[in-house]
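Remarks on the overall topology
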Amino acid sequence: MTRGALTTFSIANDVAKYFAIIPAAFAATYPVLGKLNVMNLASPESAIVSAVIFNAIIIIFLIPLALRGVKYRPMPATQLLRRNLLVYGVGGLIVPFIGIKLIDLMLLGMGLT
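Reading the values: rules and limits
- For every chain, the first residue of the written sequence is number 1, and numbering continues from 1 onward in sequence order.
- The model is predicted, so local features are restricted to residues of pLDDT at least 70 and side-chain atom pairs to those at 80 or more, both for listing and for counting; the totals for chains, interfaces and linings are taken over all residues.
- Excluding hydrogens and water, the side-chain values take into account all heavy atoms of the structure.
- The helix and strand labels rest on DSSP assignments: H or I over at least four residues marks a helix, E over at least two residues marks a strand, and numbering proceeds from the N terminus.
- Multiply 1.5 Å by the residue count of a helix minus one, and that product is the helix's expected span.
- The rule is simple: take the accessible area with a 1.4 Å probe, protein chains only, and divide by the maximum for that residue type; under 20% is buried, over 50% is exposed, in between is partly exposed.
- What makes two residues a contact is simply this: any of their non-hydrogen atoms within 4.5 Å.
- The term salt bridge refers to a pairing of a side-chain nitrogen on Lys or Arg with a carboxyl oxygen on Asp or Glu at a separation within 4 Å.

Bringing helix α1 (residues 2-26) into the picture now. Compared with the 36 Å implied by 1.5 Å per residue over 25 residues, the 35 Å span of α1 between its first and last C-alpha is a close match. All buried positions along α1 are accounted for by Thr-2, Ala-5, Leu-6, Phe-9, Ala-12, Asn-13, Ala-16, Lys-17, Ala-20, Pro-23 and Ala-24. Against α2 (44-68) and α3 (77-109) lie the buried residues of α1.

Shown next as structure tokens:
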């Protein structure tokens, strides 16, 4: 169960991070990809650095969950899947958007972008 929860979070987390990295990496070559910059990050460099820093931080926060495990609750498989998708899938999509944007703002405030 823990592996499934962490995998769900990781996949959703990676999808969200692509919205930071892909527009930043290819915006100069393909200006149309600028429309994918939904987070409105300061610069391509800042987007990539923010995503890398976020990734390092989120791994630290996931270690206790991986070691402790997800608490077992007897329920049907469909209900368990729905719960994991809601908690870990939606969380994996929302947390990176917030985290990367906050890191980007901190880098901007420190004058590093």
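It is worth spelling out the pattern of salt bridges at this point. One pass over the full model with this rule turns up one salt bridge. Residue Lys-17 is joined to Asp-14 by a salt bridge in which the shortest nitrogen-to-oxygen separation is 3.3 Å. In this pair, Lys-17 and Asp-14 both sit in helix α1, three residues apart, roughly one turn of the helix. Overall, the relative accessible area of 8% leaves Lys-17 in the buried class.

The residue Asn-40 is not glycine, and still its phi comes out positive at about 55 degrees. Along the chain, Asn-40 falls in the loop between α1 and α2. On the accessibility criterion, Asn-40 (59% relative accessible area) is exposed.

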